[in-house]
Amino acid sequence: MNKTICAIIPTYRRWKYMLSAVEQLLQQSYMPNEIIIIDQTPDGEIEASDGNRLGRLIKKYPFILYQHQKEPHVYKARNLAITLAQSEILLYLDDDITLFDHTIANHLRHYKDHRISAVSGSVVRT
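Everything in this summary refers to the structure shown in the same document. (Residues numbered from 1 in each chain as written. Predicted model: local features only at pLDDT ≥ 70, side-chain atom pairs only at ≥ 80, totals over all residues. Heavy atoms only, no water.)

This part is about helix α2 (residues 48-60). Taking 1.5 Å of rise per residue, the 13 residues of α2 would be expected to cover 18 Å, and the 18 Å separating its terminal C-alpha atoms lies within 8% of that figure. All buried positions along α2 are accounted for by D50, L54 and L57. What you see down the axis of α2 is that its buried residues fit within an arc of 60 degrees, all on one side. Turned more than 90 degrees away from the buried face of α2, the exposed residues are A48, R56, K59 and K60. (Helix = DSSP H or I, 4+ residues; strand = E, 2+ residues; numbered from the N terminus. Expected span 1.5 Å × (residues − 1). Buried < 20%, exposed > 50% of the residue type's maximum accessible area, 1.4 Å probe, protein only. Arc of directions from axis to C-beta.)

Our next topic: the sheet that holds strand β1 (residues 5-11). Taking strand neighbours across the sheet as the criterion, the four strands line up as β3-β2-β1-β4 in an open arrangement whose pairing is parallel. Since the sheet does not close on itself, it has two edges, and those belong to β3 (64-68) and β4 (89-92), each with one partner. Across the sheet, the axes of successive neighbouring strands diverge by a mean angle of 20 degrees, strand direction being ignored. Alignment of strand β2 (residues 34-39) against β3, held across five bridges, turns out to be parallel. (Pairing = 2+ DSSP bridges. Axes fitted to C-alpha atoms, helices over the stretch in contact; angles between N-to-C directions.)

The next thing to look at is the nonpolar core. One recurring pattern in soluble globular proteins is that nonpolar side chains are buried together. In terms of nonpolar packing, the biggest core is built from 23 residues, with I9, V22, L25, I35 and I64 touching the most fellow members. When contributions to this core are tallied by element, the ones reaching two or more residues are β1, α1 (15-25), β2, α2, β4 and α4 (103-109). Examining the composition of this core, we find that six residues originate from one element, α1, more than from any other. Dropping the residues within four chain positions of it, L25 is found in contact with A7, I9, M31, P32, I35, L93, L99 and I104. (Core = buried A, V, L, I, M, F, W, Y, C linked by side-chain atoms within 4.5 Å. Contact = heavy atoms within 4.5 Å.)

The alternating pattern of β4 places I89 and L91 on a buried face and L90 and Y92 on a face that is not buried. The pairing of β1 with β4 spans four bridges and is classified as parallel. Each bridged residue has a counterpart across the sheet, and for I5 the counterpart in β4 is I89.

This part covers the pattern of salt bridges. Scanning the model with the defined rule gives nine salt bridges in all. Notably, a salt bridge pairs D96 with R14, separated by 2.9 Å at the nearest N-O pair. Of this pair, D96 sits in the loop between β4 and α4 while R14 sits in the loop between β1 and α1, and the two are 82 residues apart along the sequence. R14 gets classed as partly exposed once you look at its relative accessible area, which sits at 30%. (Salt bridge = Lys/Arg side-chain N within 4 Å of Asp/Glu carboxyl O.)

Okay, here's the thing in structure tokens:
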């Protein structure tokens, strides 16, 4: 599979979750070509250790893009990410997601059929 994929993570005041999600993406059997983080956390609320941790990840993996958005709206964060992404496939993730090792590869396998243009997860009511 030669498709490019961008993982998009909007976050709001949940840096520890978001950092965990990013680190899980970096451990995938098929890593995304881009990871875009749209952070809506108010200025001054990010712990220095978390900011430093993200900074180290961005330095090591230059395909991680961090963008701050002052107005906290998830749909605006997703729309901003669309304008920044360069990949063929956009994968929207929550900041508190737990990924299996082959999540990206499993997602991409659906696109082998050229008639498929979107894939969505199922909703389970409990």
